[in-house]
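Read off the chains here:
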Amino acid sequence: MECVAHLEKRIRGNLERLGFEIHPFKVGWYNAVLPSAFHLPYSNNILAFVVLSVPAMFDNAFKPFLKNQPLEKINDPVDQCIFHHLSLIRESLTDQQVDIMYDYEMLPNRKPRFLAQTAAHVSGAAYYYQRKDVQRDPWGEKKIYGVCIHPCYGGWFAIRALLIFPDVEVPFLQQTSPINCVRTEGEKIKLLDKFNFHWRDWSYRDIIEVKEKYSEEQKVYFATPPAERLKLLEHQGGLQRNTMH
Ligand code: B12
């Protein structure tokens with residue numbers, strides 16, 4: 001336990017000010033709710049952390065990153081920024097083996113390398129609302145995707161990565177339940193409706209009162225199709241890159 005608290009403090013010390021949150025969990029909690037095709041290939045007592053980006057990430061990590069790094073045209077700039085900061089974490093933890101998995105990584109069978117929402121739920125970071133949480137299901141044959149809601153940021157966050165410590169066993173880690181902040185049946189239906197059929201208007205993110213949300217600048221950035229974002233960064237004053245470094 002000492003080890004988790006210590007590791008958590010070291011990682012949080014680096015990531016929190018950049019606009020990231022980390023939440024520890026045991027691989028066994030994650031694997032227990034998933035079929036074997038989605039299992040993480042580690043034993044049950046292995047320690048992992050789920051990494052979330054919160055609204056402050058844009059100003060605290062992303063903009064400074066753009067000023068200092070030459071962007072590779074092939075990859076998404078936000079993904080590059082997150083990769084950069086998590087690689088620094090790995091370098092700083094020289095005494096530990098760390099496996100890092102990113103939300104966008106796919107396995108050869110085209111399944112995601114990990115299910116971000118399940119990890120967020122079992123770690124207690126954000127409640128994962130799914131169709132089966134609703135009793136009077138109004139959607140018939142339609143496919144309904146689930147969505148996580150964070151108790152402080154509503155839907156204004158993203159689930160970015162897992163940090164897994166294959167040499168650290170934490171048999172006694174206590175599981176915290178995620179906060180069930182969308183409480184009524186009606187609100188849950190509204191949330192799933194908005195996430196599935198109106199996600200472009202951002203309104204699912206405001207299903208609860210939030211402490212902080214994306215700035216207008218951040219919204220414009222994320223509303224721009226990925227292929228045009230690089231151009232936007234090159235042209236927008238606020239996001240201008242410093243080519244003099
Ligand atoms: C593929 C994908 C898509 C696909 C398919 C969506 C899907 N859910 O299958 C498409 C392209 C449609 C899509 C769209 C969007 N996506 Co998307 N997507 C993903 C991705 C990469 C994988 C999801 C996936 O394949 N899941 C597989 C299915 C089978 O998993 P599942 O439905 O959760 O089922 C499992 C659980 O039910 C579990 N289970 C069973 N019982 C229990 C019990 C408990 C308690 C628990 C916890 C679990 C559990 O078992 C099931 C598997 O057998 C994730 C990132 C990631 N790596 O996870 C992002 C992700 C889900 N997407 C996200 C978002 C935001 C979006 C969009 C709004 C677009 C955007 N990026 O802005 C839209 C909205 C949906 C829409 N209306 O189209 C976010 C959601 C954040 C959140 N707050 O929940 C994620 C997590 C990305 C991120 N980095 O944050 N997406």
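You'll find the structure just up there.
Below, the structure is looked at part by part. What you see is a predicted model; the values in this text were computed from it and never measured.

## A short note on the layout of surface pockets
In this model, the largest pocket occupies a volume close to 1,500 Å³. Of all the secondary structure elements, the ones that give two or more residues to the lining of the largest pocket are helix 4 (77-92), helix 5 (116-122), strand 5 (147-149), strand 6 (158-169), helix 7 (216-223) and helix 8 (226-235). Counting residues per element, the lining of the largest pocket draws most heavily on helix 5, which supplies five residues.

## Let's talk about the pairing of strand 1 (residues 20-26)
The element strand 1 is extensively covered by neighbouring structure, given that seven of its seven residues are classed as buried. Here strand 1 shows no split at all, with Phe20, Ile22, Pro24 and Lys26 on one side and Glu21, His23 and Phe25 on the other all buried. Pairing geometry for strand 1 and strand 2 (residues 46-53), over seven bridges, is antiparallel. By the bridge assignment for strand 2, His23 is matched with Val50.

## Quick notes on the side chain of Arg229
Checked against the element boundaries, Arg229 lands in helix 8. Excluding residues within four positions of it along the chain, Arg229 makes contact with Asp76, Tyr221, Phe222 and Thr224.

## Remarks on the packing of aromatic side chains
Within this structure, the stated rule accounts for 14 aromatic pairs. Residues Phe25 and Tyr30 carry aromatic rings whose centres are separated by 6.3 Å and whose planes lie at 35 degrees to one another, so their mutual orientation is tilted. The class of Tyr30 is buried, set by a relative accessible area of 0%. A ring pair is formed by Tyr102 and Tyr104, whose centres lie 5.6 Å apart and whose planes are at 15 degrees; its orientation type is stacked. The exposure class of Tyr102 is buried, given its relative accessible area of 4%. Relative accessible area serves as the criterion here: at 36%, Tyr104 is assigned to the partly exposed category. Three or more aromatic residues joined by ring pairs make a cluster, and in this case those are Phe58, Phe62, Trp156, Trp202, Tyr214, Tyr221 and Phe222. If you follow Lys142 out to its NZ or CZ, it ends over the ring of Phe197, 5.3 Å from the centre. Between Arg229 and the ring centre of Tyr221, over which it is positioned, the NZ or CZ distance is 5.2 Å.

## Thoughts on the pattern of salt bridges
Evaluation of the coordinates by the stated rule reveals ten salt bridges. Here Lys63 makes a salt bridge to Glu217, at a shortest N to O gap of 2.8 Å. One end of the pair, Lys63, is in helix 3 (residues 57-68); the other, Glu217, is in helix 7, with 154 residues separating them in the sequence. Assessed through its relative accessible area of 23%, Glu217 is described here as partly exposed. In this structure, Glu216 engages Lys219 in a salt bridge whose closest nitrogen and oxygen atoms are separated by 3.1 Å. Within this pair, Glu216 and its partner Lys219 are both found in helix 7, separated by three residues, close to a single helical turn. For Glu216, a relative accessible area of 56% corresponds to the exposed category. The class of Lys219 is buried, set by a relative accessible area of 18%. Here the salt bridges do not stand alone but share partners, grouping Asp59, Lys63 and Glu217 into one network.

## A look at helix 3
The terminal C-alpha atoms of helix 3, which comprises twelve residues, lie 16 Å apart, in line with the 16 Å expected from a rise of 1.5 Å per residue. Every buried residue of helix 3 is listed here: Met57, Phe58, Ala61, Phe62, Lys63, Phe65 and Leu66. Those residues of helix 3 hidden inside the fold are in contact with strand 1, strand 2, helix 4, strand 6, helix 7 and helix 8.

Reading the values: the criteria
- Sequence order as written defines the numbering, with residues in each chain counted from 1.
- Totals for whole chains, interfaces and linings use every residue, but because this is a predicted model, local features are given only for residues with pLDDT of at least 70 and side-chain atom pairs only at 80 or more, for both listing and counting.
- Each side-chain value is derived from all of the structure's non-hydrogen atoms; neither hydrogens nor water enter the calculation.
- Points on a 1 Å grid, built from protein atoms alone, make a cavity when a 1.4 Å probe fits but cannot get out and make a pocket when they are open with protein on both sides within 12 Å along at least 5 of 7 lines; residues with an atom within 4 Å of a point are the lining residues.
- Grid points are joined across faces, edges and corners, and a volume is the space filled by probe spheres set on the points.
- In DSSP terms, a helix is any run of H or I states spanning at least four residues, a strand is any run of E spanning at least two, and both are numbered starting from the N terminus.
- Working definition: with a 1.4 Å probe on protein chains only, accessible area under 20% of the residue-type maximum means buried, over 50% means exposed, and in between means partly exposed.
- Criterion used throughout: strands pair if DSSP finds at least two bridges between them.
- Contacts are residue-level and defined by heavy atoms, with any inter-residue pair within 4.5 Å sufficient.
- When the centres of two rings from Phe, Tyr and Trp lie within 6.5 Å, Trp using its six-membered ring, the rings pair. Their planes under 30 degrees apart give stacked, over 60 give edge-to-face, and anything left gives tilted.
- Geometrically, a charge over a ring is one whose NZ (Lys) or CZ (Arg) sits within 6 Å of the ring centre while staying within 35 degrees of the ring normal.
- By definition here, a salt bridge exists when the distance from a side-chain nitrogen of Lys or Arg to a carboxyl oxygen of Asp or Glu is within 4 Å.
- By this rule the span expected of a helix is its residue count minus one, scaled by 1.5 Å.

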